[in-house]
Amino acid sequence: MSTTESSAGVARGKQPPRRTKPAKRPPRLASLQLKRIDAWTVLKVSLIVAIVLFFVWMIAVGIIYLVLGGMNVWTQVNETFKTLTSSETTASLGDLITPARVFSIAAVIGAINIVLLTALSTIGAFVYNAAAGMAGGVELTLGERD
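For clarity, every value in this text was computed on a predicted model and none was experimentally measured.

## Focus: the UniProt feature "transmembrane region" (unreviewed entry) in the protein chain
In the UniProt entry, the feature "transmembrane region" (unreviewed entry) is given for residues 45-68 and 102-128. Split by type, residues 45-68 is 100% helix and 0% strand. Its first and last C-alpha atoms lie 34 Å apart. With 100% helix and 0% strand, residues 102-128 has its two end C-alpha atoms placed 38 Å apart.

Printed below as a string of structure tokens:
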């Protein structure tokens, strides 16, 4: 067959052979062991998370304070406190619940939580490293997405 006949055959409607799709292979899997966690990295990450949670805590306290203030809970608690602590001979004390007192106590609790969360996370990393040294660590199997 000459080259003109072969090109004429393609032009008449004969199509070149199609390429077949390659067979789909299953996702690859990798089995790994987590043998060590860097304590310094855990300290930095847990400190950042604890600070973010501190701000979440303060916003939550503020929202709860405003909601309960809108329902006059603080007014009733302060009036009950004044009634219970005042007498004819002594002057009554100030309000029991004030915004400054609520937020200062919430800030102290939040600061304690920052220290505890950071310290416990770092200690947890040391404990994990010691346990992984004895037992070999945690086995992980990582897989490719389909």
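Alright, that's what it looks like, and here's the rest.
## Re the pairing of strand β2 (residues 138-143)
With zero of its six residues buried, β2 lies for the most part at the surface. By the bridge criterion, six bridges tie strand β1 (residues 29-34) to β2 in an arrangement that is antiparallel. Paired with Leu32 across the two strands is Leu140, which belongs to β2.

## Remarks on the pattern of salt bridges
For the structure on display, the rule yields three salt bridges. Among the salt bridges present, the one from Arg28 reaches Glu144, with a minimum N-O distance of 2.6 Å. Taken as a pair, Arg28 in the loop between α1 (3-11) and β1 and Glu144 in the segment after β2 lie far apart in primary sequence, 116 residues in all. The class of Glu144 is partly exposed, set by a relative accessible area of 31%.

## Considerations on the nonpolar core
Counting six residues, the largest nonpolar core consists of Ala50, Phe54, Met58, Val61, Ala106 and Ile114. Elements represented by at least two residues in this core include exactly α2 (39-70) and α4 (99-135). When residues of this core are assigned to their parent elements, the largest contribution, four residues, is made by α2. In this structure Val61 touches Val102, Phe103 and Ala106, once residues within four positions along its chain are discounted.

Criteria and cut-off values
- Residues numbered from 1 in each chain as written.
- Predicted model: local features only at pLDDT ≥ 70, side-chain atom pairs only at ≥ 80, totals over all residues.
- Heavy atoms only, no water.
- UniProt positions renumbered as here; feature names shortened; annotations may be inferred.
- Helix = DSSP H or I, 4+ residues; strand = E, 2+ residues; numbered from the N terminus.
- Buried < 20%, exposed > 50% of the residue type's maximum accessible area, 1.4 Å probe, protein only.
- Pairing = 2+ DSSP bridges.
- Salt bridge = Lys/Arg side-chain N within 4 Å of Asp/Glu carboxyl O.
- Core = buried A, V, L, I, M, F, W, Y, C linked by side-chain atoms within 4.5 Å.
- Contact = heavy atoms within 4.5 Å.

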